[in-house]
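Descriptive structure summary
Single-letter residue listing:
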Amino acid sequence: MKKSASAKKAAPVREAAAGEKAAPVKKAGAVKKVAAVKKVAAVKKATAAPKKATASVKKASAAKTVAAKPPRQESHTALVRRARRINRELAEVYPYAHPELDFENPFQLIVATVLSAQTTDLRVNQTTPALFAKYPTPEDLAAADPEEVEEILRPTGFFRAKTKSVIGLSKALVEDHGGEVPGRLEDLVKLPGVGRKTAFVVLGNAFGRPGITVDTHFQRLVKRWQWTAESDPDKIEAAVAALFPKSEWTDLSHHVIWHGRRICHARKPACGACPIAPLCPAYGEGETDPDKAAKLLKYEKGGFPGQRLNPPQAYLDAGGKAAPPLGAAG
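Residues numbered from 1 in each chain as written. Predicted model: local features only at pLDDT ≥ 70, side-chain atom pairs only at ≥ 80, totals over all residues. Heavy atoms only, no water.

**Thoughts on helix α3 (residues 76-93)**
- Here α3 is 18 residues long and its end C-alpha atoms lie 26 Å apart, about the 26 Å a rise of 1.5 Å per residue gives.
- Buried residues in α3 make contact with α13 (249-262). (Helix = DSSP H or I, 4+ residues; strand = E, 2+ residues; numbered from the N terminus. Expected span 1.5 Å × (residues − 1). Contact = heavy atoms within 4.5 Å.)

**Notes on the side chain of R262**
- Relative to the helices and strands, R262 resides in helix α13.
- Not counting chain neighbours up to four residues away, the residues in contact with R262 comprise Y94, E100, L296, L297, K298, Y299, E300 and K301.

**Quick look at helix α12 (residues 233-241)**
- All of the buried residues along α12 are I236, E237, V240 and A241. Viewed end-on, α12 has its buried residues packed into an arc of 125°, placing them on one side of the element.
- Along its buried surface, α12 packs onto α10 (196-206), α11 (216-224) and α13.
- At the N-terminal end of α12, a side-chain oxygen is found 3.1 Å from the backbone nitrogen of D234, two or three residues along, and the residue is D232. (Buried < 20%, exposed > 50% of the residue type's maximum accessible area, 1.4 Å probe, protein only. Arc of directions from axis to C-beta. Polar contact = N/O pair within 3.5 Å; in protein donor to acceptor, adjacent residues only side chain to side chain.)

**Some remarks on the packing of aromatic side chains**
- Enumeration over the complete set of coordinates arrives at seven aromatic pairs.
- Between W225 and W227 the ring centres are 5.0 Å apart and the planes differ by 50°, which places this aromatic pair in the tilted class. By the burial criterion, W225 is buried, and W227 matches it.
- Lying across the ring of W258, R262 places its NZ or CZ 3.7 Å from the centre. (Phe/Tyr/Trp six-rings, centres within 6.5 Å; stacked < 30°, edge-to-face > 60°. Lys NZ or Arg CZ within 6 Å of the ring centre and 35° of its normal.)

**Side note on unusual backbone geometry**
- Of note, Q118 is a non-glycine position whose phi angle comes to about 60°, a positive value.
- Within the secondary structure, Q118 sits in the loop between α4 (106-115) and α5 (121-134).
- On the basis of relative accessible area, Q118 is assigned to the exposed category, the value being 67%.
- Its identity as a non-glycine residue notwithstanding, Q226 has a phi of 60°, on the positive side.
- Relative to the assigned elements, Q226 resides in the loop between α11 and α12.

In structure tokens form, the structure reads like this:
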């Protein structure tokens, strides 16, 4: 018997129902298409991961507070303004800045400055009282027994070379200048152990004649502030001198050196405690966290004694403390 047309049409439906949810068969082309889509999606996901990681790094670095930096192409006029502003602000921070060597006359200052090479002013100040008590004048020191002077100067380091310098210096003062320290640069630099740095310390602080003292602190800070790219002390002196009136040179030297000793240290500057951070191109070289930076402060900024046994009264009035004598506890 032949099946009716309607029966033929219904047969596939009944077959499917009897097959217990058989999975539909996909064409080969369709399978390849699905696999390709999955592969592309996996590739996109893999390449997206580094972007996400980079974004998180950028976000972390952006959270760090960074002070404003001067433009790369800073004009000379802008440099002069920024440099003078730094000096003005340092003058407010250190209104009592002064030479940190104890002295009562030009002779004591020039000897102390020669002795300060390769050691601290504090160590010199702790050593010179005994030296000047025994040899108060150039004539006395010129006639001194080198071995006795060496024993006094031993705590300052390089004591043999320093003994030779200060005795030679004293003899030159007696023989060429009547026992007096000359007040001219050209005469000072001819004395044994005296260079331009020492000469300007003496001229500025014993004779009131302006000069720039380019010591290690001064060199470090003016480079960090991008006042000059020079490395030679004489060239640094000339470059910085061109930024300031001559009348400010001596006080400028004190401000910069004091800041270098107390806050802008060589190895770990206390950037987070620096009053001129917004003006400093090198901000971030040191500790930027304010609390951690505060622990790096030295001398009176950190609550400790300064370097002079007999500091000026203005320093004491501002809360500064005198240093202890050699051999004293604490």
